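Coordinates in review
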Amino acid sequence: MKSLSSLLAKTELSPRLVGMLAVLAAIWIGFDLVTDGLFVTPRNLYNLSVQTASVAVMATGMVFVIVMRHIDLSVGSLLGVLAMVMGVVQTQVLPSWLGFENPATWMLTLAAGLLLGLAIGGLQGYVIGFLGVPAFIVTLGGLLVWRGAAWWVTQGQTVAPLDSRFVLLGGGPGGTLGATWSWVAGGLAMAAALLAMARSRRGRRKHGFPLRPLWAEALVAGLLVAAIAGTVLVLDAYEVPQRAAERIWQTRGLGPLPEGYVMVHGLAISVVIVVVIAIVMTVVGRSTRFGRYVYATGGNPDAAQLAGIDTRLLTVKVFALMGALCAVSAAIASARLQSAANDLGTLDELRVIAAAVIGGTSLAGGVGTIYGAIIGALVMQSLQSGMAMVGVTASLQSIVIGVVLVLAVFVDQLYRRGREE
Amino acid sequence: MAEGPTPLVEMRGIEVAFGGVKAVDGVSLDLYAGEVVGLLGHNGAGKSTLIKVLSGAVPARAGEILIDGAAVRIASPQDARRHRIETIYQTLALADNLNAAANLFLGRELTTPTGLLDEERMEAETRRILARLNRNFDRFSTPVRSLSGGQRQSIAIARAVHFDARILIMDEPTAALGVQETAMVAELVRQLKAEGIGIFLISHDIHDVFDLSDRVTVLKNGRLVGTRRVAETTQDEVLAMIIQGEPPSSSRHPREGGDP
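Residues numbered from 1 in each chain as written. Chains lettered and ligands numbered in written order. Predicted model: local features only at pLDDT ≥ 70, side-chain atom pairs only at ≥ 80, totals over all residues. Heavy atoms only, no water.

The name given to chain B in an unreviewed UniProt entry is Monosaccharide ABC transporter ATP-binding protein, CUT2 family, with Tistlia consotensis USBA 355 as the source organism. According to the UniProt record, the Subcellular location (unreviewed entry) comment for chain B is "Cell membrane". (UniProt positions renumbered as here; feature names shortened; annotations may be inferred.)

An unreviewed UniProt entry lists chain A under the name Xylose transport system permease protein XylH, from Tistlia consotensis USBA 355. For chain A, the Function (unreviewed entry) comment in UniProt is given as "Part of the binding-protein-dependent transport system for D-xylose. Probably responsible for the translocation of the substrate across the membrane." What the UniProt record of chain A gives under Subcellular location (unreviewed entry) is the line "Cell membrane".

As structure tokens, this is what we get:
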């Protein structure tokens, strides 16, 4: 045991990451046993990845918010209003001068959503940072205001159907990369990961810093490559039903489906979005001044101020970023359902906060990782779909998830105390 | 200390009030290059508040600050840094969740041409600086929360001296330190003084202050009691000033240094 943990230390992998992955594996294996092998199947894992995407995107932003010792209770309602506005923009506003099914519609719609998300988030951040109203109150108000606003957009009417390109963002039929492009994306991810590791090692050697042993480096690289390849393999093993495949080929103008051709799902576009956002947010958090200041302010607001950091403006930026991410989630969520309803995203604020917290983000501020929040979102969604699959009633599902949330934070605190002593 | 040259810093008639209570009430003092001025007084005498005016952390309600004889406006920590005033705060002002290099360069990060943080260069610089200050320092990748008081102090000091400070403010620099580390700080103060840096040293430990300072200034209840040259006074006299809030009646020394 001792030697195992010292070996683990040499790899410099965070014990928390290893622990969370172990928990996730345990949940998957447990449900797989209970459901006689229905849980860990390409189909279910694909669905899981698509269902997690919307919450995962918002959870990355919530990490920064919580790291800065704030909270955002408005994200679910913000998602609702942004989805409604984007629904109206793509079905009513844009078609009036671009016509229906214009190739630019989805991009303009998304851009409008992002701008509005930035503006609303920035407004809330301004009230918090410059007017000094606690984030809890401002965003609790936001929760009510934006949900009400979502109803107002269409007087409660659901907007459907959405633009046919826009709905691809949700990862539904046709909204996936397919076999070849999934491998291209996976290959790019592997190359980027290996390149980043090599660059970091070269840099450390140049300055004569301690390096981790080569075997540890190779082990981590191997695990990364295996994880990416495994993900692509699994998602590529989920076939598109013959009839749906024929329809997709026709709408893409490719003619009839060739004899014996099997179309597979591969990575959903929404999952690609999550991965890209996760990478960008990780780089922002670790390697930009903005990210450094977010963590510094969360660790010690006075020190940050004395170091000349404008923490009020930083608050505005963090909430504006959160708003923009809500717009991305709103696009994913409404595209997946192929409609925008004014109750979309209800209770998502709690899922998002829970994902960040289960992923190791400390409400005391200063601590939290992007990958942790995404694994946290995956843990929550796995529990929920697993229980639904087993036939656990919705009421019991909430009870279990609530208990898991509290338990996760408790275990995390035990772990932290253990490390400080 | 020659009286001829212009003082490095002059603070004139500084006044700070917190909700009607005058924390600093019309205090004037000055500091010359290569000089250490000790600030003494009880808790709440206004030492830290006065010095925070100079470091830009607290706004003054009245009074002016002159650097090299020219009036300057210091409204924020950035302003102070621009005038090469660096401060080591009593609380050290470190972000506990970040590592040594991140703290040392906080607010002044080094970046690569692409605009991203240059962690390696910052760590290399940090290793170089800290090797000079504290040879035992070897924990560069851990958050400073898990470091000892002395190690944290080393980072706070390194941060203040690394960026070519001309004026250094040290607020209780040895409060959290052991004997060996206190000696290290004393050595550093002498070295910086020799380099021509002006230092304000705040302490409640009169021995420390007498050991390192050229002059001492005593405050009580936000008011200036007086300034003495260490070479021309005794600890007893200064102690009496701290306690009574006025120079002892038998004092033969005229008040000096404060008034223009």
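1. Examining helix 6 (residues 105-129) of chain A
Given 3.6 residues per turn, any residue in an α-helix points the same way as the ones three and four places further on. Residues and elements named next belong to chain A. Compared with the 36 Å implied by 1.5 Å per residue over 25 residues, the 35 Å span of helix 6 between its first and last C-alpha is a close match. All buried positions along helix 6 are accounted for by Thr105, Thr109, Leu110, Gly113, Gly117, Ile120, Gly121, Gly122, Gln124, Gly125, Ile128 and Gly129. Buried residues along helix 6 sit in contact with helix 4 (75-93), helix 5 (95-98), helix 7 (135-154) and helix 14 (311-337). (Helix = DSSP H or I, 4+ residues; strand = E, 2+ residues; numbered from the N terminus. Expected span 1.5 Å × (residues − 1). Buried < 20%, exposed > 50% of the residue type's maximum accessible area, 1.4 Å probe, protein only. Contact = heavy atoms within 4.5 Å.)

2. Some thoughts on the interface of chain B and chain A
Counting residues at the interface gives 26 residues for chain B, matched by 26 residues for chain A. Buried surface at the junction of chain B and chain A, summed over both partners, amounts to about 2100 Å²; 60% is from carbon and sulfur atoms. Its largest share of buried area at the contact with chain A, chain B owes to Asn97, Leu117 and Glu120 of chain B, together 24% of the area lost on that side. At the boundary of chain B and chain A, one finds three salt bridges. For Arg289 of chain A, the salt bridge identified is with Glu109 of chain B, shortest N-O distance 3.3 Å. The dominant element in the side of chain B that touches chain A, judged by the number of residues it contributes, is helix 4 (residues 119-133) of chain B, at seven residues. Residue composition of the side of chain B that touches chain A, by class: 13 nonpolar, four polar and nine charged. (Buried area = accessible area lost by both parts, 1.4 Å probe. Salt bridge = Lys/Arg side-chain N within 4 Å of Asp/Glu carboxyl O. Nonpolar A, V, L, I, M, F, W, Y, C, P; charged D, E, K, R; others polar.)

3. Some thoughts on the domain arrangement of chain B
All names here are of chain B. Domains assigned within chain B are domain 1 (1-84 + 165-248) and domain 2 (99-163). Taking only C-alpha atoms into account, the centre of domain 1 sits 27 Å from that of domain 2. Between domain 1 and domain 2, the residue contacts involve 10 residues of the former and 15 residues of the latter. Taking both partners together, domain 1 and domain 2 bury about 1000 Å²; carbon and sulfur atoms supply 59% of that area. (Domains from an automatic or database assignment.)

4. So, the domain arrangement of chain A
Residue and element names in this part refer to chain A. Looking at the assigned domains, one finds that chain A contains domain 1 (40-172 + 268-420) and domain 2 (175-267). Tallying the contact residues gives 11 residues for domain 1 and 10 residues for domain 2. Both faces combined, the contact of domain 1 with domain 2 buries some 920 Å², and carbon together with sulfur accounts for 75% of it. If you look at where domain 1 meets domain 2, you find zero salt bridges. For the interface between domain 1 and domain 2, the tally reads two residue pairs in polar contact (both at pLDDT 80 or more). Elements supplying a minimum of two residues to the side of domain 1 that touches domain 2: helix 3 (42-67) and helix 11 (269-287). Take the side of domain 1 that touches domain 2: its biggest share by element is four residues, from helix 3. By residue class, the composition of the side of domain 1 that touches domain 2 is eight nonpolar, two polar and one charged. (Polar contact = N/O pair within 3.5 Å; in protein donor to acceptor, adjacent residues only side chain to side chain.)

5. Quick word on the nonpolar core
Counting 76 residues, the largest nonpolar core has Met62, Val63, Phe64, Val81 and Leu82 of chain A as the members making the most contacts within it. With 13 residues, the single largest contributor to this core is helix 14 of chain A. If sequence neighbours within four positions are ignored, Val63 of chain A has contacts with Tyr295, Ala356, Thr361, Gly368, Thr369, Ile370 and Ala373 of chain A. Listed in part, the 38 residues of the second largest apolar core include Leu92, Leu110, Met170 and Leu201 of chain B. (Core = buried A, V, L, I, M, F, W, Y, C linked by side-chain atoms within 4.5 Å.)

6. Some remarks on the sheet that holds strand 2 (residues 21-31) of chain B
Residues and elements named next belong to chain B. Pairing is antiparallel in the open sheet, where four strands are placed in the order 2-1-4-5. Two strands in the sheet have a free side with no partner beyond their single neighbour: strand 2 and strand 5 (70-72). Taking each pair of neighbouring strands and ignoring which way they run, the sheet shows an average axis angle of 30°. Of the strands in this sheet, strand 1 (9-18), strand 2 and strand 4 (62-67) are in contact with helix 1 (residues 47-54), which crosses strand 1 at around 115°. (Pairing = 2+ DSSP bridges. Axes fitted to C-alpha atoms, helices over the stretch in contact; angles between N-to-C directions.)

7. Points about the environment of Ser14 of chain A
All names here are of chain A. One can find Ser14 in the loop between helix 1 (2-11) and helix 2 (15-34). Among the residues examined, Ser14 registers a relative accessible area of 24% and is labelled partly exposed. With 247 residues separating them along the chain, Ser14 and Tyr261 place their C-alpha atoms 44 Å apart. Polar side-chain contacts of Ser14 include one of 3.1 Å to the backbone nitrogen of Arg16.

8. Observations regarding the packing of aromatic side chains
All names here are of chain A. In this structure the tally under the stated criterion is eight aromatic pairs over all chains. Taken together, a centroid distance of 5.3 Å and an interplanar angle of 25° make the contact between Tyr126 and Phe130 stacked. Among the residues examined, Tyr126 registers a relative accessible area of 41% and is labelled partly exposed. The class of Phe130 is partly exposed, set by a relative accessible area of 32%. The rings of Phe64, Phe290 and Tyr295 are connected pair by pair, giving a single aromatic cluster. (Phe/Tyr/Trp six-rings, centres within 6.5 Å; stacked < 30°, edge-to-face > 60°.)

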